[in-house]
Amino acid sequence: MRTVNQPIRKKDAMSLVTGQPVFLDDVTGKDCLVVKVLRSPHANAMVQSVRTEAAKKVEGIVAVYTWEDVPRERFTMAGQTYPEPSPYDRLILDRHVRYVGDPVAIVAGENEVCVDQALKKIKVTYEVLPAVLDFHQSKDGEILVHPEEDWKALCSVGADNKRNLCASGSSGEGDVEQVLQDCEVVVEGTYHTKANQQAMMETFRTYCCLDAYGRLNVLSSTQIVFHVRRILSNALGIPKSQIRVTKPRIGGGFGAKQTVVSEIYPAFVTWMTKRPSKMIFSRKESQIASSPRHEMEVTVRIGADKDGTIRAMDVYTLSNTGAYGEHGPTTVGLSGHKSIPLYGSLEAHRFSYDVVYTNRMSAGAYRGYGATQGIFAVETAVNELAEKLGMDPVRLREKNMVREGQVMPAYYGEQTNSCALDRCMARAKEMIGWDEKYPCRDMGNGKVRSVGVAMAMQGSGISGVDVGSASVRLDDGGGYTLTIGSADMGTGCDTILSQMAAENLECSVEEISVYAADTDVSPYDSGSYASSTTYVTGRAVQQACEKLRQSMCRAAALFLDAQEEQIQFDGSQFVDLSTGTSMSRKELADQGMSGSRESLEATVTHSSPVSPPPFMVGMVEIELDKLTGSVEILDYVAVVDCGTVVNPNLARVQTEGGLAQGIGMALYEDIQYTATGKMRNNSFMQYKIPTRLDLGRLRVEFESSYEPTGPFGAKSIGEIVINTPSPALVHAIANATGLWFHELPVTSEKIAMGLKKK
């Protein structure tokens, strides 16, 4: 292939390295209102009164709104395909505040100084209520997070607000209890992952204004322009036709911006005042009032025979959605459905879950989307099983891993038609020197070097749900314009989709101009999430280009007075094979401006009934100091099967970034709350994320399969890359110390104290 599978430079690479791209706050007008919200200091309370008179008198203040001023129709902030599985449990401002940080009032003013002064002058009287802060105590507890009667769920997901349930369910195949009873070896463990912040460089931010027709124009740092439009329509009670949503360049998202965290408040202010407004989250607000990863507790039981044949797996997940249900019913499913299918030898399996409300910050989407938590639990349990069997954990996986052609257990009956997991394992084993280094080596002076391993899978979009669309047209200059609805948030999707278009149209990537993520212009697309862009939108691009080629050949046949079937197009020339006459692509474009009867534009919408998983193996070598408990990563090797690698350079940096986030989750990132529900980690001084110096050597390679339903054989890569570090590192730490940690993060202090106790 000429452009696909080539390490083509990112379309905006040079402008990035020279500092040219601008983010949202760089492109907004300076005369717009500044919007901020007053936040609740209590985890659970009823607002008795809000005195705003003094705040309104501050010079420059334009408006102050409370729960009495906003629409009373509930909605969800989750950016999901309609009807959203997440419950409608939000109001723009609610009299009932449900976590420390819940909005109580909106203030809009001419500048930040006056808004900050006004926020201090608002006096609120609260009736403080008992709060449920421990998610173990939530289900069927006496304290209801959402006692309101107008709470509603649009989808049947086992939700019941009178039981504090956001979702509940169970599925499986075979008699798990009987098979487990028949197994010679059974391991059981409960694994706890805390909430993690996405920590993207650009915080949540939105700019709003009215256009010449009185329509609400929203410019937001978002992954989901079409979902933002629908959510704003629901929240404000205005038609979607009155709202336009676009995005600037995004300084990272990682799933955080799949929730409408900041858009509601300036949109409401602009709609009410008719003036432009903007809301820029501080880092503190992004820490205490955003949409972090769901805290989960995953209980795993695995049964096997002494020869290492894994026969049964039982997974139960308790997930903490926090004060609101955004993404609660959907993230939890991946904890089982993207971990159990890694093992194709199962005779029986069961996956059940409960998602509960608590009086903590609402959780949301984060790269890996629940699979990360489930894979940590299952892969750690498999490593513990290997220890109990006295078996090399690599050999145990080689014996039981899912392979190409198998129907994957707990994966909706799908067969894996592209799977190089066995080759990923073999290559990773070779790269790290597993046989020489497993399990550990005493280096003297209290230092131990050890290795750990984990496998992972994800999906490629949500089967039968996610929609990708693309429009491509021949411009009057002879180049092409590709219009898509997905949002490039630094992932490089504008580049890889251009590569696919260029491959189909037999031109250079430079001849493809990309326009993306504008609800007025772009064809409908679910958005950039669920690892869907390459696989789902990419297929739409491929089909749209094929359709355009047909249209161009028909148009060329008309101008050449030839039969369409005799026209051959090589990317630059249209040739009548019967006469040898020809015309260039530019000539066709010029002819199209006068008397043309053929549209030189094509739009295709695509949705896939399957979600072929990418696979990955991660292996890590660490050096652990038994005196201090400190862990130094010496080498991390990752081998990924994402089908055809569309752009090796971009795929590699995607993998490296995901590994960094996974390492942070495993060793550093630790959200903590006080006894009253206030978050302690409200800045990067308290919430530790790894720097490049903490990551050690990262090595990434690819073992490609070919996915027949994907564009040019491609699958996804965006999310799977975060899933192996946690179980691999916990495994390496266990090999070095003999201690199995079931709660993340595994800090140096925990290791040192564990060794001291041992």
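Bear in mind that the values here come from a model prediction, so they are computed numbers and not experimental data.

**Quick word on the layout of surface pockets**
Part 1 of the argument: There is about 710 Å³ of room inside the second largest pocket.
Part 2 of the argument: Looking at the second largest pocket, it is lined by 32 residues, and the ones nearest its centre are Pro329, Thr330, Leu334, Tyr412 and Ile462.

**Topic: the sheet that holds strand S14 (residues 310-322)**
Part 1 of the argument: The five strands lie next to each other as S7-S15-S14-S13-S8, forming an open sheet whose pairing is mixed. The two strands at the open ends of the sheet, each matched to only one other strand, are strand S7 (165-173) and strand S8 (185-193). Put simply, the sheet's adjacent strands are angled 5 degrees from each other on average, direction ignored.
Part 2 of the argument: Bridge count between S14 and strand S15 (residues 348-357): 10 bridges; the pairing is parallel. Looking across to S15, one finds that Val315 is bridged to Phe351.

**Some thoughts on the side chain of Thr222**
Part 1 of the argument: Relative to the elements of secondary structure, Thr222 occurs in the loop between strand S10 (216-220) and helix H6 (225-236).
Part 2 of the argument: Of note is the side chain of Thr222, whose polar atom sits 3.4 Å from the backbone oxygen of Lys257.
Part 3 of the argument: Apart from the residues lying within four places of it in its own chain, the contact partners of Thr222 are Val228, Lys247, Ile250, Lys257, Glu263 and Ala487.

**Overview of a nonpolar patch on the surface**
Part 1 of the argument: On the surface, Met14, Leu16 and Val17 cluster together into a nonpolar patch covering about 280 Å² of accessible area.
Part 2 of the argument: Assignment of secondary structure puts Leu16 in helix H1 (residues 13-17).
Part 3 of the argument: With relative accessibility at 34%, the residue Leu16 sits in the partly exposed group.

**Considerations on the pairing of strand S18 (residues 468-474)**
Part 1 of the argument: The buried count for S18 comes to six of seven residues, which makes it a mostly enclosed element.
Part 2 of the argument: Two strands pair when backbone bridges link them, and S18 and strand S24 (residues 601-606) are joined in this way by six bridges, in the antiparallel orientation. Counterpart to Val472 in the pairing with S24 is Ala602.
Part 3 of the argument: Note: S18 against strand S19 (residues 480-484), five bridges, orientation antiparallel. Its bridge partner lying in S19, Ser471 is registered against Thr483.
Part 4 of the argument: From the end of S18 to the start of S19, which pair antiparallel, there are five residues, and Gly478 there has a positive phi angle of about 95 degrees.

**A short note on the sheet that holds S19**
Part 1 of the argument: An order of S20-S19-S18-S24 is seen for the four strands of this open sheet, with the pairing classed as mixed. Looking along the sheet, the strands with just one partner apiece sit at the ends: strand S20 (512-516) and S24. On average, each strand axis in the sheet is inclined to that of its neighbour by 15 degrees, with strand direction left out of account.
Part 2 of the argument: Along the sheet, helix H14 (residues 493-505) makes contact with S18, S19 and S20, crossing S20 at roughly 135 degrees.

**Quick word on unusual backbone geometry**
Part 1 of the argument: In this structure, the amide linkage connecting Tyr438 to the following residue, Pro439, adopts the cis form with an omega of -5 degrees.
Part 2 of the argument: Mapped onto the elements of the fold, Pro439 is located in the loop between helix H13 (434-437) and strand S16 (440-444).
Part 3 of the argument: For the bond running from Leu744 to Pro745, omega is 0 degrees, close enough to zero to count as cis.
Part 4 of the argument: Topologically, Pro745 is positioned in the loop between helix H18 (725-737) and helix H19 (748-757).

**Re empty space enclosed by the protein**
Part 1 of the argument: Tallied over the full model, the rule gives four cavities of 30 Å³ or more.
Part 2 of the argument: When its volume is computed, the largest cavity comes out at roughly 100 Å³.
Part 3 of the argument: Lining the largest cavity are 13 residues, with Met77, Arg90, Tyr99, Val261 and Ala289 positioned closest to its centre.
Part 4 of the argument: Residues of the lining of the largest cavity, tallied by class, amount to seven nonpolar, three polar and three charged.
Part 5 of the argument: A volume near 70 Å³ is recorded for the second largest cavity.
Part 6 of the argument: What lines the second largest cavity is Arg90, Leu91, Ile92, Leu93, Asp94, His96, Val97, Asp102, Pro103, Tyr265 and Tyr324.

Reading the values: the criteria
Note on numbering: residues in each chain are counted from 1, in written sequence order. In keeping with the model being predicted, local features are shown solely for residues with a pLDDT of at least 70 and side-chain atom pairs are shown and tallied solely at 80 or more, while totals for entire chains, interfaces and linings include all residues. As a convention, hydrogens and water are excluded, and side-chain values are obtained from all of the structure's heavy atoms. Think of a 1 Å grid over just the protein atoms. A cavity is a set of points where a 1.4 Å probe fits yet cannot get out, a pocket is an open set with protein on both sides within 12 Å along at least five of seven lines, and lining residues have an atom within 4 Å of a point. Grid points are joined across faces, edges and corners, and a volume is the space filled by probe spheres set on the points. Strand pairing is assigned whenever DSSP identifies at least 2 bridges connecting the two strands. By the criteria applied, helices consist of DSSP H or I runs no shorter than four residues and strands consist of E runs no shorter than two, each listed in order from the N terminus. As a rule, the C-alpha atoms of each element are fitted with a line to give its axis, helices using only the stretch in contact, and angles between N-to-C directions run from 0 to 180 degrees. Here a polar contact means two N or O atoms within 3.5 Å. Within protein one must be a hydrogen donor candidate and the other an acceptor candidate, and residues neighboring in sequence count only if both atoms are side-chain atoms. The contact criterion used is simple: two residues touch if any of their non-hydrogen atoms lie within 4.5 Å. Distance thresholds for patches are 9 Å for like charges and 5 Å for nonpolar side chains (Val, Leu, Ile, Met, Phe, Trp, Tyr), applied to residues having over 30% relative accessible area and no salt bridge. Per-residue accessibility takes into account occlusion by the displayed protein chains alone, with areas from the Shrake-Rupley method and a 1.4 Å probe. Whenever a carboxyl oxygen of Asp or Glu lies within 4 Å of a side-chain nitrogen of Lys or Arg, that contact is scored as a salt bridge. Think of it in three bands: with a 1.4 Å probe and only protein chains considered, a residue is buried below 20% of the maximum accessible area for its type, exposed above 50%, and partly exposed in between. Note that Gly is not counted as nonpolar here; it falls among the polar residues with everything else outside the nonpolar set of Ala, Val, Leu, Ile, Met, Phe, Trp, Tyr, Cys and Pro and the charged set of Asp, Glu, Lys and Arg.

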